[in-house]
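# Fold and geometry: a report
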Amino acid sequence: MQDNQYHVTLTGKIADATNIEHASAQFARLFKTTPEVAMQTLQKGPVTIKRNVDQATAIKIRNVLDKLGIGCRILTADEADAEARAATQNLSVNNNTSVKKDSSSPISDTFESPTDHPGLQFKIEGKPDYSFVTVQLPANQTLKVEASAMATMDTHIEMKTKLKGGLGRFVTGESIFINEFTAAHGPGEIGIAPGAPGDMMHVYLNDEVLYLQNSAFVASAMSVNIETKWQGFTKGFFSGENLFLIRASGKGDLWFNSYGAIIEIDVQDNYVVDTGNIVAFTEHLDYKISKVGGYKSLFFSGEGFVCRFSGKGKVWIQTRGVDAFAWWAHAYRPARSSG
Amino acid sequence: MEIQLLHRPGNTAAKVTLNPTEVCTAESGAMIAMSNNINVTTTTHKRGKGSILKAVKRMVAGESLFINHFEAQNTTGEVWLGTALAGDMEVMTLDNETLVVQGSSFLACEHAIEIDLGWQGFKSILSGERVFWVHLKGSGKVLISSFGAIYPIHVDGEYIVDTGHIVAFNETLDFTITKAGKSWLHSFLGGEGLVCKFHGKGTVWCQSHNPSSFGAMLGGDLRSR
């Protein structure tokens with residue numbers, strides 16, 4: 001690789017927007033231009049200010065700009081080309097208002113433009129069997145991500161581990177960590193892949209509440225409040241599954257995943273779901289754990305306990321169950337050799 | 001009874017729509033969700049024809065001793081069925097004929113269909129791999145599942161299928177369990193163990209993957225019990 005292939009691009013974000021005069025004065029001095037031109041450049045949004053420099057120079061420039069609070073990124077020439085192409089494509093899509101998304105599918109599989117929902121831009125690929133999501137994170141924004149789910153990210157994204165959900169997640173055996181990823185020096189992208197192969201859904205919570213089965217959480221915006229909710233002994237223990245649900249509330253993006261495909265069910269009054277197949281459900285549904293059929297069915301039907309939802313709302317179910325698969329695999333565990 | 005297959009082929013689930021008083025009989029543990037107006041009863045065998053002998057035969061087959069009957073009450077109801085393993089499903093419509101289904105591939109059928117465990121003699125037991133067959137007889141819909149993809153092979157004459165890859169076959173086919181190679185030693189060393197040699201005319205449905213092979217692969221990484 002040639003050494004002088006790096007571009008430095010301004011992101012158009014300034015950490016201290018009130019002090020733009022100072023920033024542009026400094027910028028003008030550095031790049032030997034007038035403060036007026038500098039201010040225009042800074043406010044223009046993404047613009048490449050240095051082309052074809054070597055890596056050391058690019059980093060030096062970034063460090064200086066960082067000190068001034070001017071957001072910038074270092075791109076290789078290839079990346080810059082790709083971004084430029086993407087930008088022109090985005091532009092043409094935005095100009096053409098007649099382009100409509102396939103409204104029959106509740107899940108988007110392209111980068112959503114902010115007009116579709118007020119949240120972040122993202123792309124879910126590999127649907128429905130091996131779904132993973134790539135989120136475009138604007139500068140200085142933070143994303144909550146299920147621990148160990150991060151697969152790929154830009155180098156300037158910083159990770160912080162937060163203890164979220166308290167002790168509850170210890171008890172359930174769920175890892176208790178939610179990591180926070182911040183796009184520190186301008187926008188960046190992060191690829192998130194959940195542990196189980198399956199489908200993924202995105203919802204934009206608008207001061208709404210959604211309950212997630214313990215392992216269904218993938219990622220959310222910082223503005224979404226993630227907490228664990230004790231289901232109570234009867235609901236928790238008898239369900240044989242998790243004692244805790246995740247309660248997501250507030251305003252912002254939320255991604256959740258399933259093992260197997262996701263089926264959305266509109267509950268009108270009542271619906272029964274196997275406890276191992278619940279992915280998520282809306283707030284206004286009441287639920288209780290009960291058996292199917294009589295006592296004979298309880299022990300011999302192979303269904304055990306089920307969850308009975310009542311009220312009006314939505315339930316998302318998964319076509320496969322982790323516990324069912326584990327039970328199947330159990331038969332293949334090697335027998336302990338005696339002695 | 002309507003059967004709709006969704007999210008094929010990897011994560012297939014079946015949505016069974018039942019008219020009032022219609023009954024769907026399903027393998028135990030297959031239900032993943034259902035509407036509230038469905039009544040579930042668990043029996044060792046087809047309702048009204050319960051025989052403990054048949055139930056024991058089912059158990060020997062590696063099937064659960066019990067099967068569930070889902071009956072829609074006063075209004076139309078729906079039942080979602082799924083499997084533990086990833087894979088496809090297929091709906092077959094029987095017209096007064098018999099379909100032989102490999103034990104773990106049977107998922108559900110209409111109530112009108114008779115479920116029986118055909119006795120294949122010692123040749124099946126000796127095979128080591130659990131080759132047991134559920135005989136589905138009568139007219140109506142049958143739902144079968146596979147591990148991986150499912151594909152039909154039309155046999156006219158003779159054809160060999162590894163026992164772990166068989167999902168179902170027409171009863172018009174006869175089979176013998178035999179070795180894959182020339183000698184028993186080579187067959188076992190070759191990892192092919194036993195195969196089914198079909199003869200006659202009919203269709204064999206095969207699954208792309210062998211659950212036992214996958215299980216054996218996983219087993220090495222699991223803690224011993």
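The sections below set out a description of the structure shown in this document. (Residues numbered from 1 in each chain as written. Chains lettered and ligands numbered in written order. Predicted model: local features only at pLDDT ≥ 70, side-chain atom pairs only at ≥ 80, totals over all residues.)

### Observations regarding the interface of chain B and chain A
If you look at the interface, chain B gives 33 residues, while chain A gives 35 residues. Those elements that provide at least two residues to the side of chain B that touches chain A are strand S4 (31–35), strand S5 (38–43) and helix H4 (211–219) of chain B. When strand S16 (residues 270–274) of chain A meets S4 of chain B, the two strands line up antiparallel, connected through three bridges. The partner of Val273 of chain A across the bridge, within S4 of chain B, is Ala33 of chain B. (Contact = placed C-beta atoms within 7 Å. Helix = DSSP H or I, 4+ residues; strand = E, 2+ residues; numbered from the N terminus. Pairing = 2+ DSSP bridges.)

### Here we look at the sheet that holds strand S4 (residues 121–125) of chain A
All names here are of chain A. Across the sheet, which stays open at both edges, the four strands sit in the order S4-S5-S10-S7 with antiparallel pairing between neighbours. Taken across any chain shown, the strands that pair with only one partner, and hence form the sheet edges, are S4 and strand S7 (150–153). Between one strand axis and the next, the sheet turns by 20° as a mean value, whatever way the strands run. Two elements, S7 and strand S10 (residues 188–192), share three bridges in a ladder whose sense is antiparallel. (Axes fitted to C-alpha atoms, helices over the stretch in contact; angles between N-to-C directions.)

### Here's the deal with the environment of Ile289 of chain A
Secondary-structure assignment places Ile289 of chain A in strand S18 (residues 286–291). C-alpha of Ile289 of chain A to C-alpha of Thr275 of chain A: the two residues are 14 residues apart in sequence and 8.2 Å apart in space.

### Brief notes about the sheet that holds S18 of chain A
With antiparallel pairing, the seven strands of this open sheet are ordered in space as S18(A)-S19(A)-S16(A)-S4(B)-S7(B)-S2(B)-S1(B). In this open sheet, the two strands that pair with only one neighbour each are S18 of chain A together with strand S1 (2–6) of chain B. Here the average twist between neighbouring strands, direction ignored, is 20°. Examined bridge by bridge, S4 of chain B and strand S7 (residues 77–81) of chain B share three bridges and lie antiparallel to one another. Counted as the bridge partner of Ala33 of chain B is Trp80 of chain B from S7 of chain B.

### Quick word on the nonpolar core
Ile192, Leu212, Phe256 and Val273 of chain A together with Val79, Leu81 and Leu143 of chain B are the most contacted members of the largest nonpolar core, which totals 108 residues. Top element by residues in this core is strand S11 (residues 200–213) of chain A. It accounts for seven residues. Those residues in contact with Ile192 of chain A that sit more than four places away from it in its chain are Phe132, Val133, Val135, Val145, Ala149, Met150, Ala151, Val218 and Ala219 of chain A. Ranked by size, the runner-up nonpolar core spans 13 residues in total, among them Phe27, Ile70, Cys72 and Ile74 of chain A. (Core = buried A, V, L, I, M, F, W, Y, C linked by C-beta atoms within 7 Å. Buried ≥ 20, exposed ≤ 12 C-beta atoms within 10 Å, placed from the backbone.)

### A look at unusual backbone geometry
All names here are of chain B. With an omega dihedral of -5°, the bond running from Arg8 to Pro9 counts as a cis peptide bond. By the secondary structure assignment, Pro9 is in the loop between S1 and strand S2 (13–18). Despite not being glycine, Thr21 shows a phi value in the positive range, around 70°. Assignment of secondary structure puts Thr21 in the loop between S2 and strand S3 (23–27). In this structure, Asn96 is a non-glycine residue whose phi angle is positive, near 50°.

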